[in-house]
Every structure is written in C-alpha cells, then in structure tokens.
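These are the residues of each chain, in order.
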Amino acid sequence: HNVRLSETPAGKKPFPLAVLMPDSADEATAGNSGAVAAAQTYIVVFSRRSVVAAIDWNMFTDMRPCERSDAVEELESKSTALDFDSEELSCLLDGGEDGRPSLMDADDLPEWVQLSFKEARADTHTHWLDEIFKFDVLSKANQAAKDSLERMLNVSVSKISSLVHVADGNKTIAEYDIEPELYHKTPKEGSNGVLDEYLVPDSDLTATLSATSAKGKKVYTATLFLYCDPYGADLYNVVRTEITARVLTMEETDFNSEGPEARAAASVADPWEDGWSYTSLGCSVGLATK
C-alpha cells in the first residue's frame, strides 16, 4: 500500500513547508486557446513522521549510564510505530506490511468522503473500500486532503499501547498526581550542553496549506504531540508528529489499474516536473526525503 515519493533530485532543495501560489485548478480552461484541459484523476497521498522532542527523565531512574542509550533507542523505536512514508488515503484503513496497524477506521473518514464513494460504487455492486479513492475533480481532492488530515489529528492511537494523545495523558497525570520531568532531548544552541525544561506545545486543530502546485494541487500539513511510554511505567516522553496530505494525479504514480494490484506499492514521478513554485518563508521540510 505504500506510495513512494521520489527522492529530491541532486542539487534541488527539498519542498518548503510554507508555500503560497495562485490556485489554477486543472478543471479550468487551459491557455489562451480556449481548449479545455484534459480530464485528470486525483488521489490523496499521506505521510507521517515522528521524532522524540523531549525525554521524561524518570525513564532513567535506577538505570546505569550504559543502559540509558538503550532506553533512548527503545523510545525512538516505539515513537515511530505509526509512521509511514507515503500511502494513499484508502490504504490508511488497512494495516501496513511492516505490522503497523490501521491509522483510521472507515467511520473516521469525513462523512462526505464516505458517501461519495458509497454512492459511486452502489450501481456496480463494488464495495466502496475495495478500490483506491480516486477523485475526478481537483477541488474535491484538495478538500479531501484537508478534511481527512484534520480527522486524523483526533483519531485514537490506542492500537499502539506505548502512545497516547497529550490531552489524554494529561488527564492521567492530573488524576494520579504524576510528575513527569520533561527536558529537551538535545541541548539548545548556546546552552553550554545544559538541557532545558520542555513545555509541551499544543497540537494543531486544523491543517495548514503548505504548498500549491502550478496546476492547483495542494499540500496540507499538521503537527500533533503524543506521549510515549516504551516500558509501561507511567513515563511521558514527548513525541512530535508531522502528518502531510498531498494531492497527486494518477499519472504521477505507477498504480496498476488491473484488479487488487491497483492498491499495491507505487512510485511517484519527479514532483519538480509539475512546475511547483515556491515563496520561502524561512522554514523548509523535505516532503520527498526522509
């Protein structure tokens, strides 16, 4: 189910996180000739990447110095248990080949997305979850990317016992009077190696438009914060997770349209070929590189 984005070409910078461009949708009339643009089919591709932002120093209680690095490695492994590089929207409802559980249930999808595909496949007697989610209109694909990403921000992570949303973890902290000792994982610049205390930021409630291609395909991003307890010992290490939703055309993938294989792995053409233009706001992240 993976949709692998191509590596950033040599000598080209990675995608900026913040990009604002005029939205010239593919449905619009092409050029000055008055010819209508060729019909396109769109999909929404997601990625999820996590890093440990802060360590609960209680994790190191009674540990020998030589054991601490092993604990951090275990923490980093557990913190990325829900991560993936690139997957089409419908594939998020299935588990990954690496053992990752599903990211969403069908009921977690926006209602209009569910209804759209249920109605489209009713006449063919095809179950609406048996195919990838394809959109014939760019504006709907863009809206699906935004709405589905915002739903993901609130989906439970209980399928991974070591992870919990910060809001849920804070309730447990208050109920049982737990005192996490949170410090930045690495020293800040100019701190002389001293780790500063860490205050957990709020998770995003909405998706942010971070890029728009010259043809109007949008990229949305959002950040949420989780607690991670790799040992089940009332630990509250902080994990920062960035989720990205990107609209692509079917032509930008090598999906096999014949049968179930259509949902198999696919690679995406060089995104720079689409004429993406950028206004750098001093913050960049590589959507095509890890």
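Residues numbered from 1 in each chain as written. Predicted model: local features only at pLDDT ≥ 70, side-chain atom pairs only at ≥ 80, totals over all residues. Heavy atoms only, no water.

A. Local environment of the overall build of the chain. The helix and strand inventory of the chain stands at four helices and eleven strands. For the chain, buried positions account for 44% of its 290 residues. Of all intrachain contacts in the chain linking residues separated by at least 6 positions in sequence, the fraction that spans at least 24 positions is 72%. (Helix = DSSP H or I, 4+ residues; strand = E, 2+ residues; numbered from the N terminus. Buried < 20%, exposed > 50% of the residue type's maximum accessible area, 1.4 Å probe, protein only. Contact = heavy atoms within 4.5 Å.)

B. Representation of the packing of aromatic side chains within the structure. Per the counting criterion, the structure on display carries five aromatic pairs. Note on Trp57 and Phe60: the rings are 4.8 Å apart at their centroids and 90 degrees apart in plane angle, and the pair reads as edge-to-face. When the ring of Phe117 is compared with that of Phe133, the centres are 4.5 Å apart and the planes differ by 15 degrees; the resulting orientation is stacked. Remark: Phe133 occurs in the loop between helix H2 (111–122) and helix H3 (138–152) and Phe117 occurs in helix H2; sequence separation between them is 16 residues. In this structure, Phe117 and Phe133 share a single accessibility class: buried. By way of ring pairs, the aromatic residues Trp57, Phe60 and Tyr183 are connected into one cluster. (Phe/Tyr/Trp six-rings, centres within 6.5 Å; stacked < 30°, edge-to-face > 60°.)

C. Expanded view of the layout of surface pockets. Here the second largest pocket defines a volume of roughly 270 Å³. In terms of lining residues, the second largest pocket is bounded by 16 residues, among which Val166, Ala167, Asp202, Ser203 and Phe225 are the most central. Taken together, the elements giving at least two residues each to the lining of the second largest pocket come down to helix H4 (166–175) and strand S9 (218–228). Looking at the lining of the second largest pocket, the element that brings in the most residues is H4, giving four residues. Of the residues assigned to the lining of the second largest pocket, the class counts are nine nonpolar, four polar and three charged. (1 Å grid on protein atoms, 1.4 Å probe; cavity = no way out; pocket = protein on both sides within 12 Å on 5 of 7 lines; lining within 4 Å. Points joined across faces, edges and corners; volume = space filled by probe spheres on them. Nonpolar A, V, L, I, M, F, W, Y, C, P; charged D, E, K, R; others polar.)

D. Just unusual backbone geometry, in detail. Although it is not a glycine, Asp62 sits at a positive phi angle of roughly 65 degrees. Looking at where Asp62 falls in the secondary structure, it is placed in the loop between strand S4 (42–56) and helix H1 (65–79). Taking relative accessible area as the criterion, Asp62 reaches 76% and is therefore assigned exposed.

E. Expanded view of the pairing of strand S10 (residues 237–249). When you tally the buried positions in S10, you get twelve out of 13 residues, the bulk of the element. Inspection of the sheet shows S4 paired to S10 by twelve bridges, in the antiparallel sense. Each bridged residue has a counterpart across the sheet, and for Arg48 the counterpart in S10 is Ile243. Examined bridge by bridge, S9 and S10 share ten bridges and lie antiparallel to one another. Counterpart to Val219 in the pairing with S10 is Arg246. (Pairing = 2+ DSSP bridges.)

F. Seen up close, the pattern of salt bridges. Here the structure, examined in full by the defined rule, presents eight salt bridges. For Glu74, the salt bridge identified is with Lys78, shortest N-O distance 3.2 Å. In this pair, Glu74 and Lys78 are both assigned in helix H1, four residues apart and thus about one turn of the helix distant. With relative accessibility at 30%, the residue Glu74 sits in the partly exposed group. For Lys78, a relative accessible area of 27% corresponds to the partly exposed category. (Salt bridge = Lys/Arg side-chain N within 4 Å of Asp/Glu carboxyl O.)

G. Fine view of the environment of Lys146. By the element assignment, Lys146 lies in helix H3. Measuring from C-alpha to C-alpha, the distance between Lys146 and Thr208 comes to 8.2 Å, with 62 residues separating the pair along the chain. The residues contacting Lys146, other than those within four sequence positions of it, are Ala207 and Tyr220. Within the structure, Lys146 has its side chain in polar contact with the side chain of Glu150 (distance 2.8 Å). (Polar contact = N/O pair within 3.5 Å; in protein donor to acceptor, adjacent residues only side chain to side chain.)

H. Focus on the nonpolar core. Grouped together as the largest cluster of nonpolar side chains are 45 residues, with contacts concentrated most on Val44, Phe46, Leu92, Met104, Phe133, Phe135 and Leu149. At six residues, the largest contribution of residues to this core is made by H3. In this structure, Leu149 is in contact with Phe46, Ala144, Ala207, Tyr220, Thr221, Ala222, Ile243 and Ala245, ignoring residues within four places of it in sequence. Residues Val166, Ile173, Phe225 and Tyr227 belong to the second largest nonpolar core, which totals eleven residues. (Core = buried A, V, L, I, M, F, W, Y, C linked by side-chain atoms within 4.5 Å.)

I. Spatial organisation of the confidence of the model for the chain. When pLDDT is averaged along the chain, the result is 77; 73% of the residues meet or exceed 70. Note that pLDDT drops below 50 for residues 1–35; the model gives that stretch 112 contacts with residues more than four away or on any other chain. Low pLDDT, under 50, characterises residues 256–290; the predicted model gives this stretch 107 contacts beyond four residues in sequence or across chains. (pLDDT = per-residue confidence, 0-100.)

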